[in-house]
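Secondary and tertiary structure notes
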Amino acid sequence: MSEFKPLDPTACGLFFVAAISLPIALGQLVNDPSVFPVLPSAEAFKVVGICILVIALLAYIAGSNFGFTVFALVGAAVALTGFGMGPAENLTFALLYFVAIAWSVKIGTPKALTVICFTTGLVFLTVGLSGIAGGDYWHWVLGIVALLNFAFNFYLAVTLALEKPAW
């Protein structure tokens, strides 16, 4: 009889994060609603956030404490964005992602995963600061950070899906 080994859901979760990061980046960098909407719809954030929360549950079943925690944080933050999360909550999530960097380094996750914690933290930090400070330039910062977040999430998701070692 063979033993059941749950599938690692990390690649799937990273694809979901990439799927929400790219429209944010494009919307912020183009910054012309007639060409590309400014942000994904609230419904998109809610649905993708819930999907990422499901991935967190699957990471728990697979025995990944780090995956469970980080995907639960990301899923909650993305879903709450769709429900109208404010600047203080964005800054709180940013802080939690930056703390996750230390955990990531301590347990020896792939470097790309540590970078993803950093870029995800920067996305929420940028949104939080833009809500507090205001100004017309934040869309450029958010666009660049979201594009980097997309690139790293997509890279690691493809790498894991192909089962090749990352960095």
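Each remark here, short or long, concerns the structure printed above.
Summary of the structure given here. (Residues numbered from 1 in each chain as written. Predicted model: local features only at pLDDT ≥ 70, side-chain atom pairs only at ≥ 80, totals over all residues. Heavy atoms only, no water.)

Turning to the packing of aromatic side chains, a few remarks are in order. All told, the structure shown has nine aromatic pairs when counted by the stated rule. Residues phenylalanine 93 and phenylalanine 124 carry aromatic rings whose centres are separated by 6.3 Å and whose planes lie at 45 degrees to one another, so their mutual orientation is tilted. Taken together, the positions of phenylalanine 93 in helix 4 (residues 87-107) and phenylalanine 124 in helix 5 (residues 111-133) put the pair 31 residues apart, joining distant regions of the chain. Comparing phenylalanine 93 with phenylalanine 124, the two get one shared label, buried. Connected via pairs of aromatic rings, a cluster forms that spans Phe15, Phe150 and Phe154. (Phe/Tyr/Trp six-rings, centres within 6.5 Å; stacked < 30°, edge-to-face > 60°. Helix = DSSP H or I, 4+ residues; strand = E, 2+ residues; numbered from the N terminus. Buried < 20%, exposed > 50% of the residue type's maximum accessible area, 1.4 Å probe, protein only.)

Counted at 1.5 Å a residue, the expected span for helix 4 with its 21 residues is 30 Å, and the 31 Å between its end C-alpha atoms agrees. Listing the buried residues of helix 4 in full gives Asn90, Phe93, Ala94, Tyr97, Ala100, Ile101 and Ser104. Along the axis of helix 4, the buried positions cluster into a sector of 120 degrees, meaning they face one direction only. Residues of helix 4 that are exposed and angled more than 90 degrees away from the buried face: Ala88, Leu95, Val99, Ala102 and Lys106. Those residues of helix 4 that are buried are in contact with helix 3 (65-82) and helix 5. Phi for glycine 108, located one or two positions after helix 4, is positive at around 75 degrees. (Expected span 1.5 Å × (residues − 1). Arc of directions from axis to C-beta. Contact = heavy atoms within 4.5 Å.)

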